[in-house]
Protein chains: 2
Amino acid sequence: MTDATQYPPFGVTADLVILTMRNDELCVALIERRAEPYKGQLALPGGFVSRHGADRTLEDTALRELREETGIEPHEVHLEQLKTYWTLGRDPRQEVVTVAWLALGPIQGELQSGSDAARADWHTIDAALGQRLAFDHNQILRDGIERARAKLEYTDVAATFLPRQFAIADVRRVYEEVWGVELDPGNFQRKMTGVFERVQDAEPRNVGRGRPAALYMRKAREYRDASGLVPIEPPFRRMDAAR
Amino acid sequence: MTDATQYPPFGVTADLVILTMRNDELCVALIERRAEPYKGQLALPGGFVSRHGADRTLEDTALRELREETGIEPHEVHLEQLKTYWTLGRDPRQEVVTVAWLALGPIQGELQSGSDAARADWHTIDAALGQRLAFDHNQILRDGIERARAKLEYTDVAATFLPRQFAIADVRRVYEEVWGVELDPGNFQRKMTGVFERVQDAEPRNVGRGRPAALYMRKAREYRDASGLVPIEPPFRRMDAAR
DNA sequence: CGAATAGTGTCTGTTAGACAATATCGA
DNA sequence: TCGATATTGTCTAACAGACACTATTCG
């Protein structure tokens, strides 16, 4: 660390794995690259740190990219740092270190393509991983999904996919889709009612057929860790599948 | 991402949170900085990526720094990426992004100071966190310890602190020290014998008084995740304290 | 022998998971 | 009414935690 200037200069980007549920399917936001390298291929949205010194932290860059891409306000999503990626020659233009972020939210509308994207769209996880993405974005996407899967087990992160008020069955559908399993509705209900807070007033949103569900929201007062998530009790094991 | 060269150049370092047990105390490796900034203060060991293109991946840098600092061979330690840190002006010389790594191992000997360090020594966690470290290294160290604590709960990572063969009580002492709790020896025994593999031959290493303990090692064949750790069964809860 | 540590047995309260039963809606 | 979904009840096997007990060493 004696003389920093003797070491090679890097570019630093923040790339985003933005996941949401659309029609009960787990989807990821991808852009189509407008420029080389990987022109025309799909990639995770992202961009370089500190356009004109606007970013003061790594998170600023991630939040800015998130806003540009989805038009969503930061407080509506869960955002956490995922992992950092670099291998020699990973980007042919110059050495680029990418700090990947995981963003989860109830994002409804269509996406807006930023400056460097020809278009931006939602893709199901299977469709996205079934093709070659730009750079090492296949790996980043896999890591992001794995992180989300793991966090369902010991946090209330599933609720970040849902609007502010939701039914327990909505939470269950998130688990079922993200884990790819079927869960027993009865047992799930019991476990989760303790995790969330019942909304008393609120007319029961009456969507489909069947008995209307009570609405819940995330508990505000409980202990949250640095990531803003509430730990859920001992284990919600991935093996807890019905049948 | 249109023109990478318009963005500011960053230096990239790998800094290490190297934890080990010495005299049943959790200790961290710190260096005393030889040069400005923070000259004379304690800091996590680390260094810039790719001195003369020697590093082809981020992990290469971490492994190289680890070897230089501890003289330890990579296969003897558990190494995982922790988190990446940057805020504007974090390093007064130039903008530096630091990829922090967590290294856990049964590191016995003294430390060798690298080129940029006046000296390198082991410090207990309390001593290290009780003073002002260079840069944002207090935060990085706290994050590293928290990661280690969390991983004890659902992996066999405790064994990475120990030599290849160990007694169950050794594992228990790791949990007790890292979590700062007392665990019931009997119940701990039962849970952990399933996690590890008994070494049949191996004369019972006879250290202190009392009945000599059977030796165990980590299971080689079981499923290991990408980090090389074996998941341990449902929950080893932090609350599982005795008394 | 007694002190110390390793390891096993046993009991009890809790809980996960299976599955049945009830509640409340739309058609 | 039926079909669908929400919610609660019940049972059982497993298990965590408390704690007593046995095993094996050293001094």
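Residues numbered from 1 in each chain as written. Chains lettered and ligands numbered in written order. Predicted model: local features only at pLDDT ≥ 70, side-chain atom pairs only at ≥ 80, totals over all residues. Heavy atoms only, no water.

Digging into the overall build of chain A
Phase 1 of the analysis: In terms of helices and strands, chain A carries five helices and nine strands.
Phase 2 of the analysis: Each helix and strand of chain A, ordered N terminal to C terminal, gives the series β-β-β-β-α-β-β-β-α-α-α-α-β-β.
Phase 3 of the analysis: Across chain A, the fraction of contacts at a sequence separation of at least 24, relative to all contacts at a separation of at least 6, is 65%.
Phase 4 of the analysis: On chain A, roughly 11,400 Å² of surface is accessible, and the fraction owed to carbon and sulfur atoms is 47%. (Helix = DSSP H or I, 4+ residues; strand = E, 2+ residues; numbered from the N terminus. Contact = heavy atoms within 4.5 Å. Areas by Shrake-Rupley, 256 points an atom, 1.4 Å probe, with all protein chains shown as cover.)

As for the packing of aromatic side chains
Two numbers describe a pair of aromatic rings. These are the distance of the centres and the angle of the planes.
Phase 1 of the analysis: Per the counting criterion, the structure on display carries 11 aromatic pairs over all chains.
Phase 2 of the analysis: Between the aromatic rings of B:Phe166 and B:Phe196, the centroid separation amounts to 5.1 Å while the plane-to-plane angle is 85°, which identifies the pairing as edge-to-face. Of this pair, B:Phe166 sits in the loop between α3 (137-154) and α4 (168-179) while B:Phe196 sits in strand β8 (residues 196-198); the two residues are 30 residues apart in sequence, bridging distant segments of the chain. With respect to class, B:Phe166 is no different from B:Phe196; both count as buried.
Phase 3 of the analysis: Taken together, a centroid distance of 5.4 Å and an interplanar angle of 70° make the contact between B:Tyr175 and B:Phe188 edge-to-face. Here B:Phe188 lies in helix α5 (residues 185-193) and B:Tyr175 lies in helix α4, a separation of 13 residues in the sequence.
Phase 4 of the analysis: B:Phe188 gets classed as buried once you look at its relative accessible area, which sits at 3%.
Phase 5 of the analysis: Here a set of aromatic residues connected by ring pairs shows up, and it is made of A:Tyr175, A:Trp179 and A:Phe188. (Phe/Tyr/Trp six-rings, centres within 6.5 Å; stacked < 30°, edge-to-face > 60°. Buried < 20%, exposed > 50% of the residue type's maximum accessible area, 1.4 Å probe, protein only.)

Things to note about the pairing of strand β5 (residues 78-85) of chain B
All names here are of chain B.
Phase 1 of the analysis: With seven of eight residues buried, β5 lies mostly within the body of the structure.
Phase 2 of the analysis: Note: β5 against strand β6 (residues 96-104), seven bridges, orientation antiparallel. For Leu-79, the partnering residue across the bridge sits in β6 and is Ala-103. (Pairing = 2+ DSSP bridges.)

Points about the domain arrangement of chain A
Residues and elements named next belong to chain A.
Phase 1 of the analysis: Entries for chain A in the domain assignment read domain 1 (4-136) and domain 2 (152-218).
Phase 2 of the analysis: Computed from C-alpha atoms alone, the centre-to-centre distance between domain 1 and domain 2 is 29 Å.
Phase 3 of the analysis: Every contact between the two is made by 10 residues of domain 1 and, on the other side, nine residues of domain 2.
Phase 4 of the analysis: Summing both partners gives a buried area of about 790 Å² for domain 1 against domain 2, and 73% of it is carried by carbon and sulfur. (Domains from an automatic or database assignment. Buried area = accessible area lost by both parts, 1.4 Å probe.)

A few points about unusual backbone geometry
Residues and elements named next belong to chain A.
Phase 1 of the analysis: Between Glu-36 and Pro-37 the backbone carries a cis peptide bond, its omega angle lying at -5°.
Phase 2 of the analysis: One can find Pro-37 in the loop between β2 (25-33) and β3 (42-43).
Phase 3 of the analysis: The phi dihedral of Phe-135 falls on the positive side, at around 50°, and the residue is not glycine.
Phase 4 of the analysis: Tracing the backbone shows Phe-135 in the loop between α2 (125-129) and α3 (137-154).

Focus: the side chain of B:Glu80
Residues and elements named next belong to chain B.
Phase 1 of the analysis: Examined against the element boundaries, Glu-80 turns out to sit in strand β5.
Phase 2 of the analysis: Take Glu-80: its relative accessible area is 7%, and that puts it in the buried class.
Phase 3 of the analysis: When near neighbours in sequence (up to four residues on either side) are disregarded, Glu-80 contacts Trp-101, Leu-102, Arg-147, Lys-151, Ser-227 and Leu-229.

A look at the environment of B:Cys27
Residue and element names in this part refer to chain B.
Phase 1 of the analysis: Looking at the element boundaries, Cys-27 is found in strand β2 (residues 25-33).
Phase 2 of the analysis: A relative accessible area of 5% places Cys-27 in the buried class.
Phase 3 of the analysis: Considered as a pair, Cys-27 and Arg-142 are 115 residues apart in the sequence and their alpha carbons are 13 Å apart.
Phase 4 of the analysis: Not counting the four nearest positions on each side in its chain, Cys-27 is found in contact with Ile-18, Leu-19, Thr-20, Arg-22, Trp-122, His-123, Thr-124 and Ile-125.

As for the pattern of salt bridges
All names here are of chain B.
Phase 1 of the analysis: For the structure shown, the criterion picks out 26 salt bridges over all chains.
Phase 2 of the analysis: Among the ionic pairs, Arg-64 bridges to Glu-68, the shortest N-O distance being 3.4 Å. Note that Arg-64 and Glu-68 are positioned in helix α1 (residues 58-70) at a spacing of four residues, about one turn of the helix.
Phase 3 of the analysis: Judged by relative accessible area, Arg-64 falls into the buried class, the value being 13%.
Phase 4 of the analysis: Notably, a salt bridge pairs Asp-91 with Arg-93, separated by 2.6 Å at the nearest N-O pair. (Salt bridge = Lys/Arg side-chain N within 4 Å of Asp/Glu carboxyl O.)

Structural notes on the environment of A:Leu183
Residue and element names in this part refer to chain A.
Phase 1 of the analysis: Along the chain, Leu-183 falls in the loop between α4 (168-179) and α5 (185-193).
Phase 2 of the analysis: Taking the relative accessible area as the measure of exposure, Leu-183 reaches 3% and is therefore buried.
Phase 3 of the analysis: For Leu-183 and Arg-173, which are 10 residues apart along the polypeptide, the C-alpha to C-alpha distance reads 8.7 Å.

Looking at the confidence of the model for chain A
Phase 1 of the analysis: Residues with a pLDDT of 70 or more make up 88% of chain A, whose mean pLDDT is 87.
Phase 2 of the analysis: Note that pLDDT drops below 50 for residues 1-5 of chain A; the model gives that stretch 13 contacts with residues more than four away or on any other chain. (pLDDT = per-residue confidence, 0-100.)

Section: the side chain of B:His137
All names here are of chain B.
Phase 1 of the analysis: Its location among the elements puts His-137 in helix α3.
Phase 2 of the analysis: With relative accessibility at 1%, the residue His-137 sits in the buried group.
Phase 3 of the analysis: A polar atom in the side chain of His-137 sits 3.1 Å from the side chain of Asp-15.
Phase 4 of the analysis: If we ignore the near neighbours within four places in the chain, the residues touching His-137 are Asp-15, Ala-43, Leu-44 and Arg-90. (Polar contact = N/O pair within 3.5 Å; in protein donor to acceptor, adjacent residues only side chain to side chain.)

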